[in-house]
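Structural overview
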Amino acid sequence: MLSQVVELIENKNRFGITTHIKPDGDGIGSSLGLCWLLKSLGKSAEVIVRGEIPPAYQNLPGAEEVRDIESVDRDYDAIFVIECSDLDRPGIKGLEHEFTVNIDHHSTSAHFGTVNWIDSTASAVGEMIYNLCKAIGGRVTREIAECVYMALVTDTGSFHFSNTTDRTLKVASELVKAGVKPADISEAVYSNYPWSRIELMRQVLDTVKRDETGRVASLRQTLKMRETSGAVDGDNNGFVNIPLAARDVLACVYMREIGENQYRVSLRSKGDINVAKVAERFGGGGHRNAAGLRIDGDWDEKERELIEAVREAVEYGEAVAAGDITVAPDVF
Ligand code: 5GP
Ligand code: MN
């Protein structure tokens with residue numbers, strides 16, 4: 001919990017900070033924000049990430065100093081593991097021998113750290129880093145603010161997803177006061193893609209369809225589409241949300257081919273419809289309105305199973321909203 005994290009920061013000196021491979025804005029923004037906070041407290045700190053940082057985040061303060069490493073190669077008193085479901089997610093060897101501090105806002109997080117601070121009410125880990133900064137008596141510098149704002153804006157879909165709370169907006173306001181220029185951050189994220197994103201979007205949207213209820217939409221992305229569009233990682237960010245622009249569509253299943261009969265799946269929903277529960281049934285996880293999983297098998301068959309499961313969640317969500325069901329069955 002937070003008090004343990006404050007205490008260990010006060011008692012230790014050399015920190016590593018890592019997040020998942022192919023970090024999103026929350027993973028890398030929170031890591032860099034924490035790094036700036038630790039340095040401002042006079043500690044030694046560095047961010048270690050396996051692989052490249054996506055272009056949208058390369059201009060964040062401190063991004064140029066992030067080290068791309070395969071295994072832990074320096075002595076640390078503790079390593080913060082940000083926004084990871086388990087200790088394998090960073091893709092860095094040797095973490096299991098370290099004193100690790102798991103900081104996450106996914107309720108499904110395994111408590112894999114030596115210390116675990118999980119706050120599923122936080123919109124982003126970035127919000128937690130801001131709280132940590134306040135709890136430890138740090139000053140919110142412009143560097144911390146820019147990194148943490150990036151975390152908030154990406155994880156809340158520019159403050160429009162249901163995880164956006166009064167606290168999120170209050171934190172965002174404080175970050176702007178500390179020097180963040182919201183339009184600059186938004187432009188770095190949303191208006192900074194290569195043309196391959198548009199080409200990939202055209203092809204993926206060509207596959208869009210709805211189930212017979214019109215409530216559940218689905219999208220497919222083949223390996224060939226990636227190849228012919230020249231897509232790079234991140235080009236498909238947000239595609240899963242596009243069908244939700246339709247009033248009657250309440251959930252979307254987006255399947256991406258990653259190998260022969262292998263797929264990554266993103267699930268999104270509106271309102272009370274809980275796709276995290278659906279993802280968990282298939283071995284994945286996430287949040288109520290945004291979840292994911294990996295699945296193997298015949299494409300048509302697996303897509304049917306997923307759509308069916310999501311439709312059950314939609315029907316259940318609608319029944320609850322109508323007041324027809326008051327006791328939750330185990331699956332939802
Ligand atoms: P995305 O669809 O953007 O990949 O993921 C949406 C959410 O679901 C994220 O919060 C992510 O952490 C979670 N998620 C995606 N894939 C998996 C998975 O395979 N396992 C678990 N536990 N969570 C996942
Ligand atoms: Mn997050």
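Residues numbered from 1 in each chain as written. Chains lettered and ligands numbered in written order. Predicted model: local features only at pLDDT ≥ 70, side-chain atom pairs only at ≥ 80, totals over all residues. Heavy atoms only, no water.

We now examine the overall build of the chain. Along the backbone of the chain there are ten helices and twelve strands. Relative to a compact globule of 332 residues, whose C-alpha radius of gyration would be 20 Å, the chain shows 20 Å and is just as compact. For the chain, the spread of C-alpha atoms along the principal axes amounts to about 60 × 50 × 40 Å. A total of 332 residues make up the chain; the buried ones form 51% of that total. Of the roughly 15,500 Å² of accessible surface on the chain, 47% is carried by carbon and sulfur atoms. Of the charged side chains in the chain, 37 are positive and 52 negative; the average position of the first set lies 3 Å away from that of the second. (Helix = DSSP H or I, 4+ residues; strand = E, 2+ residues; numbered from the N terminus. Rg over C-alpha atoms; globule rule 2.2 N^0.38 Å. Buried < 20%, exposed > 50% of the residue type's maximum accessible area, 1.4 Å probe, protein only. Areas by Shrake-Rupley, 256 points an atom, 1.4 Å probe, with all protein chains shown as cover. Lys, Arg positive; Asp, Glu negative; His and termini not counted. Charge placed at Lys NZ, Arg CZ, Asp CG, Glu CD.)

Further remarks concern the domain arrangement of the chain. You can read the domains of the chain as domain 1 (2-190) and domain 2 (195-321). When each unit is reduced to the centre of its C-alpha atoms, the spacing between domain 1 and domain 2 is 27 Å. At the junction of the two partners, domain 1 supplies six residues and domain 2 supplies seven residues. Buried area between domain 1 and domain 2, summed over both chains or domains, comes out near 530 Å², and the portion from carbon and sulfur atoms is 47%. It is His106, Thr108 and Ser162 in domain 1 that bury the most area against domain 2; as a group they hold 56% of the surface buried on that side. Across the contact surface, domain 1 and domain 2 share one salt bridge. With a shortest N-O distance of 3.8 Å, Lys22 and Asp233 are connected by a salt bridge. The interface formed by domain 1 and domain 2 contains three residue pairs in polar contact (both at pLDDT 80 or more). In the side of domain 1 that touches domain 2, the residues fall into one nonpolar, four polar and one charged. (Domains from an automatic or database assignment. Contact = heavy atoms within 4.5 Å. Buried area = accessible area lost by both parts, 1.4 Å probe. Salt bridge = Lys/Arg side-chain N within 4 Å of Asp/Glu carboxyl O. Polar contact = N/O pair within 3.5 Å; in protein donor to acceptor, adjacent residues only side chain to side chain. Nonpolar A, V, L, I, M, F, W, Y, C, P; charged D, E, K, R; others polar.)

A few words on the sheet that holds strand S2 (residues 44-49). As summarised here, the arrangement of the six strands in space is S3-S2-S1-S4-S5-S6, forming an open sheet in which the pairing is parallel. Whereas interior strands pair on both sides, the edge strands pair on one side only; in this sheet they are strand S3 (67-68) and strand S6 (115-118). For strand S1 (residues 14-19) and strand S4 (residues 78-82), the ladder comprises five bridges, and the chain directions are parallel. Residue pairing for S4: Ile17 is matched across the bridge by Phe80. Helix-sheet contacts for helix H3 (residues 125-135) involve S4, strand S5 (100-104) and S6, and the interaxial angle to S5 is about 115°. (Pairing = 2+ DSSP bridges. Axes fitted to C-alpha atoms, helices over the stretch in contact; angles between N-to-C directions.)

On to the nonpolar core, then. Formed by 52 residues in total, the largest nonpolar core has its most connected members in Ile28, Leu34, Phe80 and Leu175. In terms of residue count, the dominant contributor to this core is helix H4 (residues 142-155) (eight residues). Setting aside residues up to four positions removed in sequence, Phe80 forms contacts with Val5, Leu8, Ile9, Phe15, Gly16, Ile17, Thr18, Leu34, Leu38, Val101 and Ile103. (Core = buried A, V, L, I, M, F, W, Y, C linked by side-chain atoms within 4.5 Å.)

Inspection of the region around ligand 1 gives His106, Arg264, Ser266, Arg268, Gly284, Gly285, Gly286, His287, Ala290, Ala291, Gly292 and Leu293 as its neighbouring residues. Here an oxygen atom of ligand 1 sits 2.9 Å away from a polar atom, N or O, in the side chain of His106. For ligand 1, an oxygen atom lies 2.9 Å from a polar atom in the side chain of Arg268. Burial of ligand 1 by the surrounding chains reaches 66%, relative to a free accessible area of 500 Å². (Near = heavy atom within 4 Å.)

One water molecule sets the probe size; rolling that probe over the atoms shows where empty space is left. Volume-wise, the second largest pocket comes out at about 150 Å³. Forming the walls of the second largest pocket are Lys209, Arg210, Asp211, Glu212, Asp300, Glu303, Arg304, Ile307, Glu308 and Arg311. Those elements that place two or more of their residues in the lining of the second largest pocket are strand S7 (209-210) and helix H10 (299-321). Sort the elements by how many residues they give to the lining of the second largest pocket and H10 lands first, with six residues. (1 Å grid on protein atoms, 1.4 Å probe; cavity = no way out; pocket = protein on both sides within 12 Å on 5 of 7 lines; lining within 4 Å. Points joined across faces, edges and corners; volume = space filled by probe spheres on them.)

So, on to the coordination of the manganese ion (ligand 2). The protein atoms that coordinate the manganese ion (ligand 2) are Asp26 (OD), Glu83 (OE), His105 (NE2) and Asp155 (OD), at distances spanning 1.9 to 2.3 Å. If you list the donors of the manganese ion (ligand 2) from N- to C-terminus, the spacing comes out as D-x56-E-x21-H-x49-D. Placement of Glu83 in the loop between S4 and S5 and of His105 in the loop between S5 and S6 is noted, with a sequence separation of 22 residues between them. Like Glu83, the residue His105 is buried in the burial classification. (Donors = N, O, S within 2.8 Å, 3.2 Å for Na, K, Ca; no water.)

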